[in-house]
Amino acid sequence: MLLNQQADPSIAAHHQPALVLDYARSRELAVAPLLKGTGLDGGALPCAESQVSAAQYLQLLANVARGLDSADTSFMLGQQMLPGHYGAASHALLQAQNLRQALSILCGLHTLLCPLLQPRLREAGELHVLYWVDAFGAPSQLPFLVEMHMTALAAMCRWLAGEALPWRFCFNRARPRHVEQHEVHLGQALRFDCQVDAMLIDSSWLDKPWPRGNATAAALALRAAALAPVPAASLLGALYDYLLDNIRCAPMLERTAQDFGVSPATLKRHLARHGTHFQAELDQVRAHKAIYLFQAHGYDNDAVAAYLGFHDATNFRRSFKRWTGQTPQLLRHALALFVAG
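Residues numbered from 1 in each chain as written. Predicted model: local features only at pLDDT ≥ 70, side-chain atom pairs only at ≥ 80, totals over all residues. Heavy atoms only, no water.

- As annotated in an unreviewed UniProt entry, the protein carries the name AraC family transcriptional regulator and is attributed to Janthinobacterium svalbardensis.

A look at the domain arrangement of the protein
Part 1 of the argument: You can read the domains of the protein as domain 1 (1–69), domain 2 (79–227) and domain 3 (235–340).
Part 2 of the argument: Opposite the five residues of domain 1 that make contact, domain 3 presents seven residues.
Part 3 of the argument: Regarding the contact of domain 1 and domain 3, the summed buried area is about 580 Å², with carbon and sulfur atoms giving 64% of it.
Part 4 of the argument: Our count for the contact surface shared by domain 1 and domain 3 stands at zero salt bridges.
Part 5 of the argument: On inspection of domain 1 and its partner domain 3, the count reaches three residue pairs in polar contact (both at pLDDT 80 or more).
Part 6 of the argument: Residue composition of the side of domain 1 that touches domain 3, by class: two nonpolar, three polar and no charged. (Domains from an automatic or database assignment. Contact = heavy atoms within 4.5 Å. Buried area = accessible area lost by both parts, 1.4 Å probe. Salt bridge = Lys/Arg side-chain N within 4 Å of Asp/Glu carboxyl O. Polar contact = N/O pair within 3.5 Å; in protein donor to acceptor, adjacent residues only side chain to side chain. Nonpolar A, V, L, I, M, F, W, Y, C, P; charged D, E, K, R; others polar.)

Overview of the packing of helix 3 (residues 54–68) against helix 8 (residues 142–161)
Part 1 of the argument: Two elements in contact, helix 3 and helix 8, have axes whose closest approach is 11 Å; the angle formed by their N-to-C orientations is 90°. What the angle tells us is that helix 3 and helix 8 run roughly perpendicular. Together, Tyr57, Leu58, Leu61 and Ala65 of helix 3 and Phe144, Leu145 and Met148 of helix 8 make up the contact between the two elements.
Part 2 of the argument: Within the contact of helix 3 with helix 8, the residues separate by chemical class into seven nonpolar, no polar and no charged. (Axes fitted to C-alpha atoms, helices over the stretch in contact; angles between N-to-C directions. Helix = DSSP H or I, 4+ residues; strand = E, 2+ residues; numbered from the N terminus. Parallel < 35°, antiparallel > 145°, perpendicular 65-115°, else oblique.)

Digging into the nonpolar core
Part 1 of the argument: Within the largest apolar cluster, 72 residues are counted, with the highest numbers of intra-cluster contacts made by Leu153 and Trp167.
Part 2 of the argument: A total of 12 residues in this core trace back to one element, the largest contributor, which is helix 8.
Part 3 of the argument: Domain assignment of the residues forming this core places at least three in each of domain 1 (1–69) and domain 2 (79–227).
Part 4 of the argument: Among the nonpolar cores identified, the runner-up in size contains 44 residues, and Leu127, Cys194, Leu244 and Phe310 belong to it. (Core = buried A, V, L, I, M, F, W, Y, C linked by side-chain atoms within 4.5 Å. Buried < 20%, exposed > 50% of the residue type's maximum accessible area, 1.4 Å probe, protein only.)

Here we look at helix 6 (residues 99–108)
Part 1 of the argument: Here helix 6 lies mainly inside the structure; seven of its 10 residues are buried.
Part 2 of the argument: Every buried residue of helix 6 is listed here: Leu99, Gln101, Ala102, Leu103, Ile105, Leu106 and Cys107.
Part 3 of the argument: Two or three places before Arg100, at the start of helix 6, stands the capping residue Asn98, its side-chain oxygen 3.3 Å from that residue's backbone nitrogen.

So, the pairing of strand 4 (residues 127–134)
Part 1 of the argument: Counting buried residues in strand 4 gives eight out of eight residues, a clear majority hidden from the surface.
Part 2 of the argument: Burial along strand 4 is two-sided: the residues Leu127, Val129, Tyr131 and Val133 and His128, Leu130, Trp132 and Asp134 are all buried.
Part 3 of the argument: Across eight bridges, strand 3 (residues 117–124) lies against strand 4 in antiparallel orientation. Within the sheet, the bridge partner assigned to Ala124 lies in strand 4 and is Leu127.
Part 4 of the argument: Here strand 3 folds back onto strand 4 in antiparallel fashion, the turn holding two residues, of which Gly125 has a positive phi close to 65°.
Part 5 of the argument: In terms of strand pairing, strand 4 meets strand 7 (residues 197–202) through six bridges, oriented antiparallel. (Pairing = 2+ DSSP bridges.)

Some thoughts on the pattern of salt bridges
Part 1 of the argument: Going through the model one piece at a time under the given rule, you end up with seven salt bridges.
Part 2 of the argument: Among the ionic pairs, Asp207 bridges to Arg100, the shortest N-O distance being 2.8 Å. Placement of Asp207 in the loop between strand 7 and helix 10 (215–227) and of Arg100 in helix 6 is noted, with a sequence separation of 107 residues between them.
Part 3 of the argument: The partly exposed category is assigned to Asp207, whose relative accessible area is 43%.
Part 4 of the argument: Classification of Arg100 as partly exposed rests on a relative accessible area of 36%.
Part 5 of the argument: Its salt-bridge partner being Arg173, residue Glu147 comes within 2.6 Å of it at the nearest N-O pair. Of this pair, Glu147 sits in helix 8 while Arg173 sits in the loop between strand 5 (168–170) and helix 9 (180–186), placing them 26 residues apart in sequence.
Part 6 of the argument: Taking the relative accessible area as the measure of exposure, Glu147 reaches 8% and is therefore buried.

A short note on the packing of aromatic side chains
Part 1 of the argument: According to the stated counting rule, one finds 10 aromatic pairs in the structure shown.
Part 2 of the argument: Between Phe316 and Phe320 the ring centres are 5.7 Å apart and the planes differ by 50°, which places this aromatic pair in the tilted class. Pair noted here: Phe316 and Phe320 are both in helix 16 (residues 313–324), with a separation of four residues, about one helical turn. Judged on exposure class, the residue Phe316 and its partner Phe320 are both buried.
Part 3 of the argument: Three or more aromatic residues link up through ring pairs in this structure, and these residues are Phe294, Phe310, Phe316, Phe320 and Trp323.
Part 4 of the argument: Positioned above the aromatic ring of Tyr307, the side-chain terminus of Arg248 is 4.0 Å from the ring centre. (Phe/Tyr/Trp six-rings, centres within 6.5 Å; stacked < 30°, edge-to-face > 60°. Lys NZ or Arg CZ within 6 Å of the ring centre and 35° of its normal.)

A look at the packing of helix 11 (residues 235–245) against helix 13 (residues 264–273)
Part 1 of the argument: Remark: helix 11 packs on helix 13, axes separated minimally by 11 Å, with the N-to-C direction vectors making an angle of 120°. In terms of their interaxial angle, helix 11 and helix 13 are classed as oblique. When you trace helix 11 past helix 13, the crossing you get is left-handed. Contacts from Leu235, Leu236 and Leu239 of helix 11 reach helix 13 at Leu267, His270 and Leu271.
Part 2 of the argument: Its residues placed into classes, the contact of helix 11 with helix 13 shows five nonpolar, one polar and no charged. (Left-handed = near helix turned anticlockwise from the far one by under 90°.)

Right, dumping it as structure tokens:
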């Protein structure tokens, strides 16, 4: 199973981890405490030849957040995250001709550009939805990571487009007591208590030309990026894609493990190391697919139940409430209000 897991070195130390350390230094934090518990105390950062694991990078982020103890840390780190200085992948983003191409590059090269969260782009009627899914199992850090990644993309698009784009932001978390930093960095179009961390934008913005875009330079950068070594997908990311592709066939642990080339017990152990289990991952994919079918295709409960293989709408409603804590009707109503703006 050639997939990256939490403990596998796969993230270039001189890319995002080095940027995080540079930001911490600029705020006058000592480096030694920031590396505590990362296994990098011997000076592995920011050597260009070294790689860190997702677990090490997550610990570094946790140490920086704790050391700064500031509500703006995730947003400030996001401001410098993209396009970044990650070789051909960053050059391709810099030369993107429009939002569509930039999002395609981000999703296609996510293991380089945003290794901790995997972005996925979906068309939903007159909207396009970019939603972020945990790639390495960091539930306690998800709010921080989501804020960082959403800020990174919004800030990059504002710079490359020459104007702020009218993103709307959905968060899979309760509304925080203080949302000032969200409003400063992301704007007023915020909705909490959603069942997905997503950025929504009207589809008409995807093909609007960007002033910095250069078709030839973008093509050359993408060609170079295709030749450069790219980290393998994460286990959780690959499992999400597998479950999504097979969602109508009622995926089971045993068949999934077989298709991944491991025993069911081994797959269960791998997932446990990521703080999750097979049923939780399956339920997440089912919930996301149901929300998409509600929003993009206007399906009712009966249609979604049939699509996902439930015997009837009653069983589906019961399961949906277990997955999300909300009934399908309430969630559909809330999403419709937010999308209508």
